[in-house]
Amino acid sequence: MITFNEILENVESLSIEDKFSLSEIIKKRAIEERRQEILKIANESYKEYKDGKIAPMTVSEFFEELTN
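The paragraphs below set out a description of the structure included in this document.

What follows concerns the environment of Lys19. Looking at the secondary structure, you find Lys19 in helix α2 (residues 16-50). What makes Lys19 partly exposed here is its relative accessible area of 27%.

With that settled, consider a nonpolar patch on the surface. On the surface, a nonpolar cluster with roughly 510 Å² of combined accessible area is contributed by Met57, Val59, Phe62, Phe63 and Leu66. Its location among the elements puts Phe62 in helix α3 (residues 59-67). Phe62 sits in the partly exposed class, given a relative accessible area of 41%.

As a further point, take the pattern of salt bridges. What the rule picks out here adds up to three salt bridges. The shortest N-O distance in the salt bridge between Glu37 and Arg34 comes to 2.9 Å. You can see Glu37 and its partner Arg34 sitting in helix α2, three residues apart, about one turn around the helix. Relative accessible area serves as the criterion here: at 37%, Glu37 is assigned to the partly exposed category. Owing to a relative accessible area of 44%, Arg34 belongs among the partly exposed residues under this scheme. With a shortest N-O distance of 2.8 Å, Lys47 and Asp51 are connected by a salt bridge. Residue Asp51 is classed as partly exposed on the basis of its relative accessible area, which comes to 43%.

How each quantity is defined
Per chain, residue numbering runs from 1 following the sequence as it is written. With pLDDT at 70 or above as the cut-off, local features in this predicted model cover only qualifying residues; side-chain atom pairs require 80 or more to be listed or tallied, and sums for whole chains, interfaces and linings still use all residues. Here the side-chain values reflect all heavy atoms present in the structure, with hydrogen atoms and water set aside. Numbering of helices and strands runs from the N terminus, with a helix taken as a DSSP run of H or I at least four residues long and a strand as a DSSP run of E at least two residues long. For each residue, the accessible area found with a 1.4 Å probe, counting protein chains only, is set against the maximum for its type, and the residue is called buried under 20%, exposed over 50%, and partly exposed in between. Patch membership is restricted to residues that have no salt bridge and whose relative accessible area is over 30%. Joining uses 9 Å for like charges and 5 Å for the nonpolar side chains Val, Leu, Ile, Met, Phe, Trp and Tyr. With residues, only the protein chains shown are counted as cover, and all accessible areas are computed by Shrake-Rupley using a 1.4 Å probe. Every case where a carboxyl oxygen of Asp or Glu lies within 4 Å of a side-chain nitrogen of Lys or Arg is listed as a salt bridge.

Any functional reading would require information that these geometric values do not contain.
Written out as structure tokens, the structure reads:
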């Protein structure tokens, strides 16, 4: 497995244009990965709601639950 330091060393050999392109690609992939994580959490929450494990609540009720 390649180490983080080895990746950085390899990036150093790229042209500035390639570095910017790589940066954009990594940023877009990280955003998409985060979107997938959020979708997974939302789907799990919706399933819990449908299964009756959680109930709707107001913002006030939510904050009250957080502080208790």
